2 protein chains.
Amino acid sequence: MATKLLIVDDEPNICESLRLYLENEGYEVKIANDGVEGVSYFKMYEPDIVLLDIMMPRKDGWQVCREIREVSSRPIIMLTAKGEIFDKVLGLELGADDFIVKPFDMKELSARIKAVLRRYSSHDSAGDDEVVKFDNIEVSRQKYELKLCGKSVDIPPKELELLYFLASNYNRVFTRDQLLDKVWGFDYLGDSRTVDVHVKRLREKLEGVSDKWVLKTVWGVGYKFELLQ
Amino acid sequence: MATKLLIVDDEPNICESLRLYLENEGYEVKIANDGVEGVSYFKMYEPDIVLLDIMMPRKDGWQVCREIREVSSRPIIMLTAKGEIFDKVLGLELGADDFIVKPFDMKELSARIKAVLRRYSSHDSAGDDEVVKFDNIEVSRQKYELKLCGKSVDIPPKELELLYFLASNYNRVFTRDQLLDKVWGFDYLGDSRTVDVHVKRLREKLEGVSDKWVLKTVWGVGYKFELLQ
DNA sequence: ACACCAAGTTCACAATTCGTTCATTTTGGC
DNA sequence: GCCAAAATGAACGAATTGTGAACTTGGTGT
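Residues numbered from 1 in each chain as written. Chains lettered and ligands numbered in written order. Predicted model: local features only at pLDDT ≥ 70, side-chain atom pairs only at ≥ 80, totals over all residues. Heavy atoms only, no water.

**Here's the deal with the pairing of strand β4 (residues 76-81) of chain B**
Where a strand is regular, its side chains alternate between the two sheet faces. All names here are of chain B. Counted residue by residue, β4 has 5 buried out of 6 residues, so it is predominantly covered. Direction of pairing for strand β3 (residues 49-53) relative to β4: parallel, over a ladder of 4 bridges. Looking at β4, one finds that aspartate 53 is bridged to leucine 79. In the classification by handedness, the crossover that spans β3, the intervening helix α3 (residues 61-71) and the parallel β4 is right-handed. Alignment of β4 against strand β5 (residues 98-102), held across 5 bridges, turns out to be parallel. Bridging from a neighbouring strand, leucine 79 pairs with isoleucine 100 of β5. (Buried < 20%, exposed > 50% of the residue type's maximum accessible area, 1.4 Å probe, protein only. Helix = DSSP H or I, 4+ residues; strand = E, 2+ residues; numbered from the N terminus. Pairing = 2+ DSSP bridges. Right-handed = clockwise from strand over helix to strand, strands pointing away.)

**Focus: the pattern of salt bridges**
Scanning the entire structure with this criterion turns up 32 salt bridges over all chains. Of the charged contacts, one joins Asp97(B) and Arg69(B) as a salt bridge, the two residues approaching to 3.1 Å between their closest N and O atoms. Taken together, the positions of Asp97(B) in the loop between α4 (88-94) and β5 and Arg69(B) in helix α3 put the pair 28 residues apart, joining distant regions of the chain. When its relative accessible area of 29% is taken as the criterion, Asp97(B) is described as partly exposed. As a salt-bridge pair, Lys158(B) and Glu161(B) come within 3.9 Å of each other at their nearest N and O atoms. Here Glu161(B) and Lys158(B) lie together in helix α6 (residues 157-168), a separation of 3 residues that amounts to about one turn. Connected via shared salt-bridge partners are Lys216(A), Lys224(A), Glu226(A), Glu145(B) and Asp154(B). (Salt bridge = Lys/Arg side-chain N within 4 Å of Asp/Glu carboxyl O.)

**Remarks on the packing of aromatic side chains**
Residues and elements named next belong to chain A. This structure, assessed with the given rule, holds 10 aromatic pairs over all chains. Put simply, the rings of Phe134, Tyr170, Trp213 and Phe225 touch in pairs and so form one group of aromatic residues. Its end group placed over the ring of tyrosine 45, lysine 4 keeps NZ or CZ at 4.9 Å from the ring centre. (Phe/Tyr/Trp six-rings, centres within 6.5 Å; stacked < 30°, edge-to-face > 60°. Lys NZ or Arg CZ within 6 Å of the ring centre and 35° of its normal.)

**Topic: the pairing of strand β11 (residues 213-218) of chain A**
As paired strands, β11(A) and strand β12 (residues 222-227) of chain A are joined by 6 bridges and run antiparallel to one another. Directly across from Thr217(A), in β12(A), lies its bridge partner Tyr223(A).

**Things to note about the confidence of the model for chain A**
For chain A, mean pLDDT is 84; residues scoring 70 or higher make up 90% of the total. Across residues 122-128 of chain A, where pLDDT falls below 50, the model places 6 contacts with residues more than four positions away in sequence or in other chains. (pLDDT = per-residue confidence, 0-100. Contact = heavy atoms within 4.5 Å.)

**A few points about the protein's contact with DNA strand C**
Trp184(A), Arg201(A), Lys158(B), Trp184(B) and Arg201(B) are the nearest of the 25 residues found near DNA strand C. For DNA strand C, a base oxygen lies 2.5 Å from a polar atom in the side chain of Arg201(A). Between DNA strand C and Lys158(B), the relevant distance is 2.7 Å, taken from a phosphate oxygen to a main-chain nitrogen or oxygen of the residue. Those elements that place two or more of their residues in the surface near DNA strand C are α6 (157-168) and α8 (193-206) of chain A together with α6 and α8 (193-206) of chain B. Class assignment for the residues of the surface near DNA strand C results in 12 nonpolar, 6 polar and 7 charged. (Near = heavy atom within 4 Å. Polar contact = N/O pair within 3.5 Å; in protein donor to acceptor, adjacent residues only side chain to side chain. Nonpolar A, V, L, I, M, F, W, Y, C, P; charged D, E, K, R; others polar.)

Spelled out as structure tokens, the structure:
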């Protein structure tokens, strides 16, 4: 599967030349033309990496970065015009992963994208393992392994998939139906209460592991993996 | 509000047993007895999902499917008799969402309806996140989440909907009846005092959070979310 | 072929939360 | 002070979620 890349920039020429070059490199590219569009495209498209301009109408790059970080930890590279005031500290605080100054060399951008993706995907182990880590918890989708407080814990596949999905989309609420869609698959035929039971069994395993996150019920809506504070 | 379902089939017994079962499941069911009727009922009734027989007098299911797809993308499940020649590829091209072979198990049909609706509805909900933000407060309609001073606070669905409505129409006064209309729905039957109680509970949660806005009573009229200064 | 086991699912019932109503008290306008 | 409007507190019923246990299924080993 191709790596999905989202460009958020209000200058059409830049967007197009980026798309041309990056699609040629094998990425699947989507473009958003301002900040507001950027945030909503992010949620819809779920890209693997974001190239984010700072100066934009409607909503600037800093704000977009902030809002993306509320729901995801996917890597973000900030694009900044030469001469533009650029606060690196702010960028780091907001969780950007890298910066590049316009006009930039395509080759350099490409290299930075690869570097960031590499860093991101090898948070811990080798290869492109999909791992989610928070305080005292580590979920590896590839190894189908759950580690609590550093110790490996047995867990059935479906429970792990559910936990992985919720944790990698932390702070966001999903209805039972959405979870059936995303974790069980769009063609799943079955009762939505199945989700309840898996959540319950997950909670038994996760009980008392950390006070920095919880598997929370949002009454009348569904469930979410919530990071506290 | 009940999910509206349209059955297009020329066999009265099948229609009736379907109606019986599906109404019991909570759907609002309408029946069309042939293809021509099917198309015109679709336009009038605007169902959320269609069960469509293929072999029918006057106009067959393929044609009906084609005509519905010209005006709508609502989900369609094709009903096909055992032994009938059935072209899955054609079905997909025409935009049918699922197929089931007669005679079918009611439970399976029910499961397929749910699955198709689930797929369909989690499609269009991915749009813009509706968030309202003011000093120290943030209300997300999509996430059903209230944040005060950056921290997530538990809140029942109805209270959140009310708060979201008032905050997104700040400085404007609404009578209790208007609020019942907009938040509870035009067909709500009940006491307007209900609004008072929800406002009261909201005030308990919002107390002391900010001095830049307030949930204000307009005596003799109703309530408003007022921005100060 | 058979029993066995674990994962996944379904089901029935218990516990909880919410929305609503109602009775009572408090407040605001005149 | 009087009256209507609004705030409040308590309580009920309905809807939602939690939970334990039974059932189904697919894989394993005998």
